[in-house]
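Structural description and commentary
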Amino acid sequence: MTLDQLNPPTRLLMGPGPINADPRVARATASALTGQFDPWMTATMNETMGLYRSVFSTANEQTFLVDGTSRAAIEAALVSLVSPGQTVLVAVMGRFGLLLKEIAERAGAQVVTIERPWGTVFTLDEIEEGLRTHRPDVFATVQGDTATTMNQPLDGLGQLCHRYGALCYVDATASVAGNTLLVDEWGLDVVSAGLQKCLGGPSGSAPITISERAREVISSRRHVEAGITEGAEGLGERIRSNYLDLAMLMDYWGPRRLNHHTESGPMLYAARECARIIADEGIANTVERHRLHGAAMAAGLAGLGLELFGDQTHRMNNVIGVKIPDDVGGDALRAALLEDFAIEIGTSFGPLAGVVWRVGVMGYNARRDAVLTTLAALEAELRRFGHPTPAGGGLTAAMSYYQEQES
Ligand SMILES: Cc1ncc(COP(=O)(O)O)c(C=O)c1O
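Quick caveat: nothing in here was measured; it's all calculated off a predicted structure. (Residues numbered from 1 in each chain as written. Predicted model: local features only at pLDDT ≥ 70, side-chain atom pairs only at ≥ 80, totals over all residues.)

With that settled, the discussion passes to unusual backbone geometry. Geometrically, the link from Gly17 to Pro18 is a cis peptide bond, its omega value of 10° lying close to zero. Residue position: Pro18 is located in the loop between β1 (12–13) and α1 (23–29). Within the chain, Ser57 stands out as a residue other than glycine whose phi angle is a positive 50°. Residue class for Ser57 comes out partly exposed when judged on the 18 C-beta atoms lying within 10 Å of it. (Helix = DSSP H or I, 4+ residues; strand = E, 2+ residues; numbered from the N terminus. Buried ≥ 20, exposed ≤ 12 C-beta atoms within 10 Å, placed from the backbone.)

Structural data, given as structure tokens:
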């Protein structure tokens, strides 16, 4: 059988991720491969570690990539931090909090949760109450829960967790670079991400950063894989995953360069280019760009007469939820948007499936033309589906917002 050359359609990806990779990132992935111990390759790995320290606003030496999608780093963090039987407290305000709960359970933890209705966030006092009651070894939360579009405030969270003797893990997959994230200032111990949202790359690489406090805990469970170096080394309870063993990954990315997996050249190049572009722009400017275009999109969606979902004072800059009007089939309209305009937006999960659409404005697509094109297309489809909407309401509101911000 002969197949045609691969030729995917060109879409404008305005959902909750993945987004269109920045062309510079896409080009980087096509660069030549080198051996994983080639000095050029190891130097590039070191450069990438440095670039991600800036993205995460941290001085953590242990800042590197986990090969895999974002949940690989979540799983690496939890399986490496938590010994079976230890207590993990998870703050659940949406689907991705539930993912943390599941992963911690699979790591053998005793998992307890505090919960909030989807579309809201926790106060620090509520988290403190949970810490006081449950005295966990690890507290885990999501910064931006993409399922609900909410951005959990984290200022002071690490210091709070430490007062109660807990380490603090944060999933920043969807929020990093689109919302302020100050790992060191906020005392966060382990934070992980993925490329396919505000970082502007394809999925498949998961940056992670690890504080000294967390490194000590992970290193206390360090075992070197048999046959790698002379002499057996091993401490504490062995981490229950080989691929996601952060102690071994630290030895792989660190000066010892102990062999582990074969680092993916194209994903390393992609991750490096994502962070290089942000370093060029300046991380604070990247966050501000997401705020500007996300707010213009929110203004435009409201201008179309749509109701925004969730507590807008805590909305992520980069994902906007809107209630699907009762007179419109949400999935049918999304399919038409894809068919007619090659634009993708998302719905959500669980209780919000078919109830809200989620529009993402992130990474390479956090741009004025992408925002305006999406609003124009959405208006056309709303009309086609018989939903009354003010003529030009979305574009007018978004353009006025841009004008206000410029004056
Ligand atoms: C907040 C959050 N965490 C985790 C994930 C899982 O990421 P991945 O699909 O890259 O494994 C996602 C994906 O959308 C996400 O938005």
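Okay, the pairing of strand β10 (residues 205–210) next. Each regular strand shows side chains that alternate between the opposite faces of the sheet. Of all 6 residues making up β10, 6 are buried, and the element is well covered by its neighbours. In β10, alternate side chains face the same way, and those of Ser205, Pro207 and Thr209 on one face and Ala206, Ile208 and Ile210 on the other are all buried. The pairing of strand β2 (residues 62–67) with β10 spans 6 bridges and is classified as antiparallel. Of the residues in β10, the one forming a bridge with Asp67 is Ser205. Alignment of strand β9 (residues 190–192) against β10, held across 3 bridges, turns out to be antiparallel. Its bridge partner being in β10, Val190 is matched across the sheet by Ile210. (Pairing = 2+ DSSP bridges.)

Within the UniProt annotation, "modified residue: N6-(pyridoxal phosphate)lysine" (unreviewed entry) is assigned to Lys197. Examined against the element boundaries, Lys197 turns out to sit in the loop between β9 and β10. Look past the residues within four positions of Lys197 in its chain and what remains in contact with it is Gly17, Ile19, Thr173, Ala174, Gly178, Asn318, Met362 and Gly363. (UniProt positions renumbered as here; feature names shortened; annotations may be inferred. Contact = placed C-beta atoms within 7 Å.)

Most often, soluble globular proteins have nonpolar side chains that are buried together. Residues Leu78, Leu81, Ala104 and Tyr169 are the most contacted members of the largest nonpolar core, which totals 131 residues. Of the residues that make up this core, three or more belong to each of domain 1 (17–279) and domain 2 (283–406). Sequence-distant contacts of Tyr169, that is, excluding residues within four places in its chain, are made with Ala77, Leu78, Leu81, Val138, Ala140, Asp189 and Val190. (Core = buried A, V, L, I, M, F, W, Y, C linked by C-beta atoms within 7 Å. Domains from an automatic or database assignment.)

Attention now goes to the domain arrangement of the chain. Parsing the chain into structural domains produces domain 1 (17–279) and domain 2 (283–406). Centre-to-centre, using C-alpha coordinates, domain 1 lies 30 Å away from domain 2. With 31 residues of domain 1 at the interface, the matching set in domain 2 holds 26 residues. Put simply, the parts of the chain that give the side of domain 1 that touches domain 2 at least two residues each are α2 (39–56) and β7 (150–151). Here the residues of the side of domain 1 that touches domain 2 sort into 12 nonpolar, 16 polar and 3 charged. (Nonpolar A, V, L, I, M, F, W, Y, C, P; charged D, E, K, R; others polar.)

Looking now at the environment of Gly300. Here Gly300 lies in helix α10 (residues 283–303). When the C-alpha atoms of Gly300 and Gly392 are compared, they prove to be 9.5 Å apart, with 92 residues separating the residues in sequence. Once residues lying within four places of it in the same chain are set aside, the contact partners of Gly300 are Val371, Leu375, Gly394, Leu395, Ala397 and Ala398.

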